[in-house]
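For reference, the chains in residue letters:
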Amino acid sequence: MTQTPRPPSTYRDAGVDIEAGDALVEAIKPHAKATTRPGVMGGLGGFGALFDLRAAGFVDPVLVSCTDGVGTKLLAAIETGLHDTVGIDLVAMCVNDLIVQGAEPLFFLDYFATGRLDVADAARVVAGIAEGCQRSGCALVGGETAEMPGLYEAGHYDLAGFSVGAAERSALLPKAVRAGDALIGLRGSGVHSNGFSLVRRIVSASGLGWDAPAPFAPGQTLGAALLTPTRLYVTPVLALHRAGLVQAAAHITGGGLPGNLPRVLPEGFGAAIDGSAWTPDPVFAWLAQAGQVASEEMLRVFNCGIGMVIVTGEPEAAMRMLEEAGEQPVRIGSIEPGTGVRFTRPVSFS
């Protein structure tokens, strides 16, 4: 019996569209080009990216590298169709970790994985990445787009970011932390990119849809308000560091103040924090009330309004410099002998 010949199989039949990938590269080239900075060699399209540290002005550099993602905040972006700002989150989660080492962000690479590539949505994500890079002074030098049908649900994608920075050996942080040094908090921009599994659980239990008015942000939908991107702290922190006013710094991510501040303190030192020194953003009061989340759990999961902490021996000069730069710094406590974080007054979420 003669069998009818089957038509030849293609990669597209299997769910991978090479032409779509090529179209995305062309769409993002202008965004990447806008992020160029001294030290960048070449452009997109090669097998690797080159960077000249001497051209960037370094004499005795130490490289610092970080990688991170956006977590389940991506599900909020996917479910709302708001893809324009999660790229900023991706950059912020990486470069904010670089600067607490005293490093200047130099270049960034992204990894975008999906089941079926939607060029328009992916381009919006990468445009956000490029915006984050521009605002951080680092170049978007490359990345990878992976189309993996069967691994991701329809319309879903994942992101990973990789950032490399450098610091002169003598400028690495932390250094010379002493008892009595002041803790200065820099305000956040809401939830940032941590705790979204709990955030989504609370939103679901509240009965509110992403398009409902945000109870804590008049004029915004709940989805748009919760997708406010993570603050980029590169400019104020590096300016303060270059002025010799930083002994240590901590990026307040998952784990909150109790989990992140001790990571930059020498053995034998802890922190005393006055939780009444600032009022958490309204989103945190709503999360605590709507989710019936205890204060201890709020502090362990979220930044609760303080996205970056500076340790300084010259608080007056540091506060003045930050205020002149348009920041709203808060003196939240001091370094003391001991371990961990001790709250001298509680943080109020009412």
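Above this text is the structure in question.
Below is a summary of the structure that appears in this document.

What counts as what
Residues numbered from 1 in each chain as written. Predicted model: local features only at pLDDT ≥ 70, side-chain atom pairs only at ≥ 80, totals over all residues. Heavy atoms only, no water. Helix = DSSP H or I, 4+ residues; strand = E, 2+ residues; numbered from the N terminus. Disulfide = S-S within 2.5 Å. Salt bridge = Lys/Arg side-chain N within 4 Å of Asp/Glu carboxyl O. Buried < 20%, exposed > 50% of the residue type's maximum accessible area, 1.4 Å probe, protein only. Axes fitted to C-alpha atoms, helices over the stretch in contact; angles between N-to-C directions. Parallel < 35°, antiparallel > 145°, perpendicular 65-115°, else oblique. Contact = heavy atoms within 4.5 Å. Nonpolar A, V, L, I, M, F, W, Y, C, P; charged D, E, K, R; others polar. Pairing = 2+ DSSP bridges.

### Here's the deal with the environment of Leu53
Along the chain, Leu53 turns up in the loop between strand E2 (50-51) and strand E3 (61-69). Remark: the alpha-carbon pair of Leu53 and Ala166, spanning 113 residues in sequence, is separated by 8.4 Å.

### Some details on the state of the cysteines
In this structure the tally under the stated criterion is zero disulfides. Left unpaired, Cys66 is separated from the closest cysteine sulfur, that of Cys94, by 6.7 Å.

### As for the pattern of salt bridges
Here the structure, examined in full by the defined rule, presents 13 salt bridges. Here Asp84 and Arg124 are joined by a salt bridge, their closest N and O atoms 3.0 Å apart. Here the residue Asp84 occupies a position in the loop between helix H2 (73-80) and helix H3 (86-99), and Arg124 occupies one in helix H4 (residues 119-136), the gap between them amounting to 40 residues. Using a relative accessible area of 40% as the deciding quantity, one classes Asp84 as partly exposed.

### Side note on the packing of H3 against helix H7 (residues 234-242)
At their nearest, the axes of H3 and H7 sit 10 Å apart, and the two run at 5 degrees to each other. With respect to their mutual orientation, H3 and H7 come out roughly parallel. In this structure, H3 contributes Val95, Asn96 and Ile99 to the contact, and H7 contributes Val234, Val237 and Leu238. Residue classes in the contact of H3 with H7 are distributed as five nonpolar, one polar and no charged.

### Structural notes on the environment of Phe349
Position of Phe349 among the secondary structure elements: in the segment after strand E12 (341-345). When neighbours within four sequence positions are excluded, Phe349 is seen to be in contact with Pro280, Phe284, Ala285, Ala288, Ser295, Met298, Leu299 and Cys304.

### Overview of the sheet that holds strand E6 (residues 157-168)
A sheet is described by the order of its strands in space; here four strands give the open sequence E3-E6-E4-E5, paired in mixed fashion. Looking along the sheet, the strands with just one partner apiece sit at the ends: E3 and strand E5 (139-147). In this sheet, neighbouring strand axes are inclined to one another by 15 degrees on average, regardless of whether the strands run parallel or antiparallel. In this sheet, E6 lies alongside strand E4 (residues 104-114) in antiparallel orientation, the contact comprising 10 bridges. Among the inter-strand pairings, Phe112 is bridged to a residue of E6, identified as Leu159. Contacting E4, E5 and E6, H4 crosses the sheet at an angle of about 170 degrees to E4.

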